[in-house]
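Structural characterization, general
Spelled out from the first residue to the last, the chains are:
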Amino acid sequence: MSLSPRRDTIAAIATAPGRGGVGVVRLSGADLGALASQLAGKPLQPRHAHYVDFRDGGGELIDQGLALYFPGPRSFTGEDVLELQGHGGPVVMQMLLRRCLELGARLAEPGEFTRRAFLNDKLDLAQAESVADLIDAGSEAAARSALRSLAGAFSGQINVLVQRLIDLRMLVEATLDFPEEDIDFLEAADARGKLTAIAAQLQTVLGTARQGSLLREGMHVVLIGQPNVGKSSLMNALAGDEVAIVTDIAGTTRDTVRELIQLDGVPMHIIDTAGLRETDDTVEKIGIARTWQAVEKADLALLLIDSREGITEHDRVILARLPDALPRLHVFNKIDLTGETLGQGEEDGHPVLRLSAKAGLGLDALRAKLLEMVGWGGSDAGVFLARERHLDAIRRADQHLVTAAAVWQQVELFAEELRLAQLALSSITGEFSADDLLGEIFSRFCIGK
C-alpha cells in the first residue's frame, strides 16, 4: 500500500455485507462535482440530502435514494466526498458501485478513506486507529473509550508530553555550545526536576493506556487441572450458558472450548481445556497438547483443584510446568461437598479462592479477583483505547527517560535520550512513523473506511 497522497477517485460500499434497509456507497477524490452530477442526474448542493434517481450508463434505473456531496476540505477525508444512500440489497449496491467505477473511480483499498483523512491532516494516527476500534468495539465500555480516542483524548495527552520533551530538549541542547557551564546551567534550570515530572506524567498515561488495552484486547484466561475437577462447570457458570459438556466421565473435554464473556465491560476469553493426565487415547492426547498451547498464550491461568483432595502430586507437576511469568490463581472447587466456607487468601505465594461452580457459590468473588489480577482499575471513566504498539512506544519512551536520568551530567547523551523518547511518543500519533508501519495499520481496516 502506497502511503503518498493520491488524487484519484476511490469508491467502496461503506455498509456491512448482506441485506439491510439502507446501503451506502462512498466516494472520495478531487473535484467530484461533475461526477456527482452524473450519478445524481443533476447538480448537488453541498451538504444537502437530495432524493434522486440512480441510473446506469444506458439510462436504466438502478435505484432511488439520497445523494450527499461534501466538498473538501470540509469532509472526513479532506477531499471531495460523495455518499450515495440506496436500498441495502447486495445486488443493488454492487450495481451502484459498478456505475461509479464506470465513471472513473477505482475500488478503494482497505482503510483507504481513513488513510486519506490521516494524510490530509484530518486525523492523527491514534485517532485513525480509533475509527477501526470503534467499529470493532465488543462492549459499551470499549465503544466509549474508542470514541474518546477518536475525539483526541489519547493524542492530546501524548502531544502534551511531546511538547514538554521538546521544551526540555531546547534547554539541554542550548547548553551544548557552552560545555564549561553546562552542568551548572542545567542545575539552575532544574532540568532533572523537569525530567522527573515528565517521567511521572508518562507513567500516568501508561497506566491509562494499559486499561484501554484491556478493553480492546481483553484477557485470555485458561482453565487447567486434572479431569473432573469442575473446569467445564466453572466455564458454564461464568458464561451463564451450557457451552461445555459436563459429565462424571474423565476426559469428556478433549479439545479447547472458548467463550467470550464480559466482566465490568472488560472482554474475557475463557478457554476450557482437556484434563491434564496420562492417557493412551490418541484424541485426548491431542487435546492435552492443545491445552499446553493455550497456556503459552494465556494472560492468566486458573488451576482448578478438587477441595476434597487438595493439591495433589499431579497438581504440583502441572504447576511446575506453567511458565514462570504466567500469573495463576488456585481455585479450590466443590466446597459444597466438603462443607468449607467461601473465602480467599494466599498459599505458597499464590492467590487462592474457594468456591462451588456447580452451586454458583463464590462466583462474584472470582470475577472480582480476575479483574484485580489483570490490573483493571474498576471503571472506564477517562480511559481511551490503546493498542500494543502504543504500549510499546510508551515503554520505549520511559526507558529512554530512565537512561536520560542516569546520564544527565553527560549532556550530549542526555540530549540524545530525550530525542529518542520524543520520537517514540511521536510514533503514536504518526508524526514520525515508517511507511511500512502505516501500511500495516491501514491494511487491517475494512473496505469502505
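Residues numbered from 1 in each chain as written. Predicted model: local features only at pLDDT ≥ 70, side-chain atom pairs only at ≥ 80, totals over all residues. Heavy atoms only, no water.

Basically, it comes down to this: UniProt positions are given in the numbering used here, feature names are shortened, and annotations may be inferred rather than shown by experiment.
The name given to the chain in an unreviewed UniProt entry is tRNA modification GTPase MnmE, and the organism recorded there is Chitinimonas arctica. You can read under Subcellular location (unreviewed entry) in the UniProt record for the chain the words "Cytoplasm". In the Sequence similarities (unreviewed entry) part of its UniProt record, the chain is described as follows: "Belongs to the TRAFAC class TrmE-Era-EngA-EngB-Septin-like GTPase superfamily. TrmE GTPase family."

1. Here we look at the overall build of the chain
To be explicit about the condition: Numbered from the N terminus, helices here are DSSP runs of H or I no shorter than four residues, and strands are runs of E no shorter than two. Note on classification: 1.4 Å probe, protein chains only; a residue is buried when its accessible area is under 20% of the maximum for its type, exposed when over 50%, partly exposed between these limits. Residue contacts are counted whenever heavy atoms from the two residues lie within 4.5 Å of one another. Using the Shrake-Rupley algorithm and a 1.4 Å probe, accessible areas are obtained, with residue cover drawn only from the displayed protein chains.
Helices and strands together make up the secondary structure of the chain, namely 16 helices and 13 strands. Classification of the 449 residues of the chain by burial places 49% in the buried group. Pairs at least 24 apart in sequence give 66% of the contacts found in the chain among residues at least 6 apart. Entry remark: accessible area of the chain is about 21,000 Å², with carbon and sulfur atoms responsible for 51%.

2. Side note on the pairing of strand 13 (residues 350–354)
Defined as follows: At least two bridges found by DSSP between two strands is the condition for calling them paired.
Bridge analysis of strand 11 (residues 328–333) against strand 13 gives three bridges, and the strand direction is parallel. In the strand pairing of strand 13, H330 is matched with V352. Pairing analysis gives five bridges linking strand 12 (residues 343–347) to strand 13, with the strands arranged antiparallel. Looking at the pairing, G345 lines up with V352 of strand 13. In sequence, strand 12 turns back onto strand 13 through a hairpin of two residues, with D348 there showing a positive phi of about 55 degrees.

3. A few points about the pattern of salt bridges
Under the convention used in this document: The salt bridge definition used is simple: a Lys or Arg side-chain nitrogen within 4 Å of an Asp or Glu carboxyl oxygen.
What the rule picks out here adds up to 25 salt bridges. Residue R308 is joined to D306 by a salt bridge in which the shortest nitrogen-to-oxygen separation is 2.9 Å. One salt bridge connects R354 with E340, and the closest N-O pair in it is separated by 3.2 Å. A residue pair is termed long-range when its members are at least 10 positions apart, and R354 in strand 13 and E340 in the loop between helix 12 (335–338) and strand 12 qualify at 14 residues. For E340, a relative accessible area of 30% corresponds to the partly exposed category. A cluster of three or more residues bridged by salt bridges with shared partners is formed by D8, E79, R106, E109, E112, R115 and R116.

4. Considerations on the sheet that holds strand 6 (residues 106–107)
Across the sheet, which stays open at both edges, the six strands sit in the order 3-4-5-2-1-6 with mixed pairing between neighbours. Edge positions in the sheet fall to strand 3 (49–55) and strand 6, since each of these pairs with one other strand and no more. Direction of pairing for strand 3 relative to strand 4 (residues 61–70): antiparallel, over a ladder of seven bridges. Along strand 4, the bridge assignment pairs V52 with G65.

5. Details of the packing of helix 4 (residues 125–136) against helix 15 (residues 411–429)
Let me state the cut-off plainly: Helix axes use the C-alpha atoms of the stretch in contact, all axes being lines fitted to C-alpha atoms, and the angles between their N-to-C directions lie in the range 0 to 180 degrees. Orientation categories follow fixed angle ranges, with anything under 35 degrees roughly parallel, anything over 145 roughly antiparallel, 65 to 115 roughly perpendicular, and all other angles oblique. Residues are grouped as follows: nonpolar covers Ala, Val, Leu, Ile, Met, Phe, Trp, Tyr, Cys and Pro; charged covers Asp, Glu, Lys and Arg; every other residue, Gly included, is treated as polar.
Look at helix 4 against helix 15: their axes get within 5 Å of each other, and the N-to-C directions meet at 40 degrees. Classed by the angle they form, the pair helix 4 and helix 15 counts as oblique. Contact with helix 4, carried on its side by L125, A126 and E129, involves S427, I428 and T429 of helix 15 and no other residues of that element. For the contact of helix 4 with helix 15, the per-class residue count stands at three nonpolar, two polar and one charged.

6. What about the packing of aromatic side chains?
Inclusion rule: A pair of Phe, Tyr and Trp rings is counted when the ring centres sit within 6.5 Å of each other, with Trp represented by its six-membered ring. The angle between the planes then sorts it: under 30 degrees is stacked, over 60 is edge-to-face, the rest tilted. By definition here, charges over rings are those cases where NZ of Lys or CZ of Arg is within 6 Å of the ring centre and within 35 degrees of the ring normal.
Taken as a whole and judged by the stated rule, the model has one aromatic pair. For the pair F154 and F384, a centre-to-centre distance of 4.3 Å together with 10 degrees between the ring planes defines the contact as stacked. Pair noted here: F154 is in helix 6 (residues 153–174) and F384 is in the loop between helix 13 (363–373) and helix 14 (388–406), with a separation of 230 residues, a long-range link. Each of the two residues, F154 as well as F384, counts as buried. For the cation-ring pair, R26 lies above F113, with the distance from its terminal atom to the ring centre recorded as 5.7 Å. Of note, R354 hangs over the ring of F332, and the distance from its end group to the ring centre comes to 4.5 Å.

7. A short note on the environment of V221
Tracing the backbone through its elements, the reader meets V221 in strand 7 (residues 219–225). Assessed through its relative accessible area of 1%, V221 is described here as buried. Once residues within four sequence positions are removed from consideration, V221 is found in contact with M268, H269, I270, I271, L300, L302 and L370.

8. Some thoughts on the environment of I335
Along the chain, the position of I335 falls in helix 12. Spatially, the C-alpha atoms of I335 and S307 are 6.1 Å apart, while their sequence positions differ by 28 residues. Not counting chain neighbours up to four residues away, the residues in contact with I335 comprise S307, E340, T341, L342, R354, L355 and S356.

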